[in-house]
Amino acid sequence: PLQWCGTENITSMYGVFFRAGQFNQDISSWDTVDMLYFADSFGNMYPKDVKKIINSMAKGWFGELGFHSHNNKSLALINCIESLSKGVIWCDGTILGMGRGAGNVCTEYLSFEISKLRKIEYDLTSLSSLIDNFFYQCYYILNLILKKIF
């Protein structure tokens, strides 16, 4: 079942995070936040950047961490893997990586990697079926429409 989780949104954190010396003190005093999520909003982080942010956040935040990646440099998946290896619990993705700009990490790839990392038997049949039976059909129809327009 879905549960509500108190969160705090810090937009474009990468550009501001390390200049905000007060940040770690501030987040340690937040008592209404259950989980802290950070995003690579512009898809310009490398795994070393993700690691640096997680290590810095861990100095002042002892709750659960989440990570949202964009794929502008084709690093969304490896950045998610890096974040998970550094203790992040929540990583999100989108089917076929659909999202703003170059998109997000692909849910299907992320699911596969998490199952390997966590040594979990995960059946991707349902996800594959959803992609084959819905998303590819939508793509095919959209492609036909666009060919008629242009």
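Our subject is the structure listed above.
All of these numbers come straight from a predicted model, not from anything done at the bench.

This part is about the packing of helix α4 (residues 76-85) against helix α5 (residues 107-117). In the contact formed by α4 and α5, the axes pass within 10 Å of each other and the chain directions differ by 30°. Regarding α4 and α5, the two cross each other, and that crossing is right-handed. Judged by residue contacts, Leu77, Cys80, Ile81 and Leu84 of α4 engage Tyr109, Leu110, Glu113, Ile114 and Leu117 from α5. Looking at the contact of α4 with α5, its residues break down into eight nonpolar, no polar and one charged.

This next bit is on the pattern of salt bridges. Opposite charge on two side chains permits pairing when their charged atoms draw close. Tallied over the entire structure, the rule returns two salt bridges. Two residues, Lys48 and Asp49, come together in a salt bridge whose shortest N-O distance is 3.5 Å. For Asp49, a relative accessible area of 8% puts it in the buried group. Here Lys116 ties to Glu113 by a salt bridge, and the two come within 3.8 Å at their closest N and O atoms. Of this pair, Lys116 and Glu113 both sit in helix α5, three residues apart, which is roughly one turn of the helix.

Before going further, it helps to examine the pairing of strand β3 (residues 64-68). Where strand β2 (residues 35-39) and β3 come together, five bridges link them in parallel fashion. Within the sheet, the bridge partner assigned to Tyr37 lies in β3 and is Gly66. Note on the crossover from β2 through helix α3 (residues 47-58) to β3: the handedness is right-handed. Looking at chain direction, β3 and strand β4 (residues 90-91) are connected through two bridges and run parallel. Looking across to β4, one finds that Gly66 is bridged to Trp90. For the segment spanning β3, α4 and β4, crossover handedness is right-handed.

On to the side chain of Ser111, then. Among the secondary structure elements, Ser111 is positioned in helix α5. Judged by relative accessible area, which is 14%, Ser111 ranks as buried. Leave out the neighbours within four places in its chain, and Ser111 touches Tyr122, Leu124 and Leu127.

Our next topic: the nonpolar core. Counting residues in each nonpolar core, the largest one holds 18 residues, and the members touching the most others are Phe38, Leu65, Phe67 and Cys91. Where this core is concerned, the elements lending two or more residues are β2, α3, β3 and α4. Per-element accounting of this core gives the leading share, four residues, to α3.

Reading the values: the criteria
- Residues numbered from 1 in each chain as written.
- Predicted model: local features only at pLDDT ≥ 70, side-chain atom pairs only at ≥ 80, totals over all residues.
- Heavy atoms only, no water.
- Axes fitted to C-alpha atoms, helices over the stretch in contact; angles between N-to-C directions.
- Helix = DSSP H or I, 4+ residues; strand = E, 2+ residues; numbered from the N terminus.
- Left-handed = near helix turned anticlockwise from the far one by under 90°.
- Contact = heavy atoms within 4.5 Å.
- Nonpolar A, V, L, I, M, F, W, Y, C, P; charged D, E, K, R; others polar.
- Salt bridge = Lys/Arg side-chain N within 4 Å of Asp/Glu carboxyl O.
- Buried < 20%, exposed > 50% of the residue type's maximum accessible area, 1.4 Å probe, protein only.
- Pairing = 2+ DSSP bridges.
- Right-handed = clockwise from strand over helix to strand, strands pointing away.
- Core = buried A, V, L, I, M, F, W, Y, C linked by side-chain atoms within 4.5 Å.

What is shown is where atoms sit, not what they do.
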